[in-house]
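Overview (structure and organization)
Letter by letter, the chains look like this.
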Amino acid sequence: MDHQPVHLHSMLVHAVIAFAPLGAVSFVLDASATTVGGIDAGVWRLLLWLALGGILMVALPATLTGISERNHMYANWPPSHRAKLLLSLVLIGMVAIEILALWSGGVGRGLFSWLALAIVVGNTVVALALSYYGLRITLGRQGIGSTSYVPDMDREPPVDILDVVAENTREAPKMIDVQKEGGE
C-alpha cells in the first residue's frame, strides 16, 4: 500500500491557527456588546473561552509533536525551526496569562485594554508568524513563481543520475554471490 504517514503535528497546528482569529473576533464582539445574527455578547464570551482554551490545549501537544517529528526527520535545528519553537512557547505563555487574567475577573475587558491588545493583536500576530515559518519549512523552495528546478529527464540531453554518480565512485561495487555464500 502506497501512502503517506499521518503527521499528528501537521493536523494539530491548523486548529491553533484557526483558534487565534476566532478568539480575536470573539473578544472584540464581546467587549463591544455587539449582537450579530442573534448571537449576543454571552455567546461571544463563550466562544472566546473556547478559543483560548482550544489554543492552550492544542498548542501544547502540537509543540511536543513538532519537536518529536522534527527530531526524527532532521539532524539539526535550523533558524526557522528554532523560531517556530520559540513562537510556540510565546503563544502558550501568552494564552495562559490571558486565561488567568480572564479567570481572575479583575482585569479590564475593554477594547483598549492590555488584554485586548494581547488577544486581538498578540495571539493573531504570533499565529501568523507560526504559519509563515510552518509554510516556509513545509514548502521549502516552492513559491508562487516558477522555480529553477528542471527534472533530469527533461534536460537536453537527458541526464541519468546513475551515470553522474558512477563518475564519482572510487571503487567498483562489491558483488555477492548468494548461492556461494549460503553453501559455505
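The rules behind each value
Residues numbered from 1 in each chain as written. Predicted model: local features only at pLDDT ≥ 70, side-chain atom pairs only at ≥ 80, totals over all residues. Heavy atoms only, no water. Helix = DSSP H or I, 4+ residues; strand = E, 2+ residues; numbered from the N terminus. Buried < 20%, exposed > 50% of the residue type's maximum accessible area, 1.4 Å probe, protein only. Contact = heavy atoms within 4.5 Å. Areas by Shrake-Rupley, 256 points an atom, 1.4 Å probe, with all protein chains shown as cover. Phe/Tyr/Trp six-rings, centres within 6.5 Å; stacked < 30°, edge-to-face > 60°. Core = buried A, V, L, I, M, F, W, Y, C linked by side-chain atoms within 4.5 Å. Expected span 1.5 Å × (residues − 1). Bend = angle between axes of the 7 residues up to and from the residue. Axes fitted to C-alpha atoms, helices over the stretch in contact; angles between N-to-C directions. Parallel < 35°, antiparallel > 145°, perpendicular 65-115°, else oblique. Left-handed = near helix turned anticlockwise from the far one by under 90°. Nonpolar A, V, L, I, M, F, W, Y, C, P; charged D, E, K, R; others polar. pLDDT = per-residue confidence, 0-100. Polar contact = N/O pair within 3.5 Å; in protein donor to acceptor, adjacent residues only side chain to side chain.

On a plain count of helices and strands, the chain comes out with 6 helices and 0 strands. Buried residues in the chain amount to 28% of all 184 residues. Once local pairs closer than 6 in sequence are excluded, the contacts in the chain between residues at least 24 apart make up 69%. Accessible surface, the chain as shown: approximately 12900 Å² in total, 66% of it carbon and sulfur.

Counted under the stated rule, the structure contains 2 aromatic pairs. With 6.0 Å between their ring centres and 80° between their planes, Trp 49 and Trp 103 make a pair best called edge-to-face. With Trp 49 in helix 2 (residues 41-73) and Trp 103 in helix 3 (residues 79-104), this pair connects stretches of sequence that are 54 residues apart. With a centroid separation of 5.1 Å and 70° between ring planes, the pair formed by Tyr 132 and Tyr 133 is classed as edge-to-face.

For the rest of this paragraph, the subject is unusual backbone geometry. Not every positive phi belongs to a glycine, and Ala 33 is a case in point at roughly 50°. Positionally, Ala 33 belongs in the loop between helix 1 (8-31) and helix 2. On the basis of relative accessibility, which here comes to 57%, the residue Ala 33 falls in the exposed class.

Core analysis: the biggest nonpolar cluster contains 24 residues, and Leu 52, Ile 55, Leu 91, Leu 115 and Ile 119 have the highest contact counts within it. Those elements that provide at least two residues to this core are helix 1, helix 2, helix 3 and helix 4 (114-139). No other element matches helix 3, which puts 7 residues into this core. With residues up to four places along the chain from it excluded, the contact list for Ile 119 reads Gly 23, Ala 24, Phe 27, Leu 48, Leu 52, Glu 98, Leu 102 and Thr 124.

With that out of the way, let us pick up helix 4. Helix length check: helix 4, at 26 residues, gives a terminal C-alpha distance of 35 Å against a target of 38 Å (1.5 Å per residue), a fit within 8%. Along helix 4, the sharpest change in direction is near 30° and occurs at Gly 122.

Taking 1.5 Å per residue, 24 residues should reach 34 Å; helix 1 reaches 35 Å between its end C-alpha atoms and fits that length. Turning to helix 1, its buried residues number three or more, namely His 9, Leu 12, Val 16, Ala 20, Gly 23, Ala 24, Ser 26, Phe 27, Leu 29 and Asp 30. Of the residues one or two after helix 1, Ala 33 is the one with positive phi, at around 50°.

In the contact formed by helix 1 and helix 4, the axes pass within 9 Å of each other and the chain directions differ by 160°. Relative to helix 4, helix 1 is oriented roughly antiparallel. As helix 1 packs across helix 4, the resulting crossing turns out to be left-handed. Of the residues in helix 4, those in contact with Ile 17, Ala 20, Gly 23, Ala 24, Phe 27 and Val 28 of helix 1 are Leu 115, Ala 116, Ile 119, Val 120, Asn 123, Thr 124, Ala 127, Leu 130 and Ser 131. Grouping the amino acids of the contact of helix 1 with helix 4 by side-chain chemistry returns 11 nonpolar, 4 polar and no charged.

Next up on the list: the confidence of the model for the chain. Predicted confidence across the chain gives a mean pLDDT of 82, with 85% of residues reaching 70 or more. Per-element mean pLDDT across the chain ranges from 64 in helix 6 (residues 178-183) up to 92 in helix 3.

The next thing to look at is the side chain of Ser 88. Position of Ser 88 relative to the elements: it lies in helix 3. Overall, Ser 88 belongs to the buried group, its relative accessible area being 14%. One polar contact links the side chain of Ser 88 to the main-chain carbonyl oxygen of Lys 84, over a distance of 2.8 Å. When near neighbours in sequence (up to four residues on either side) are disregarded, Ser 88 contacts Thr 63 and Leu 130.

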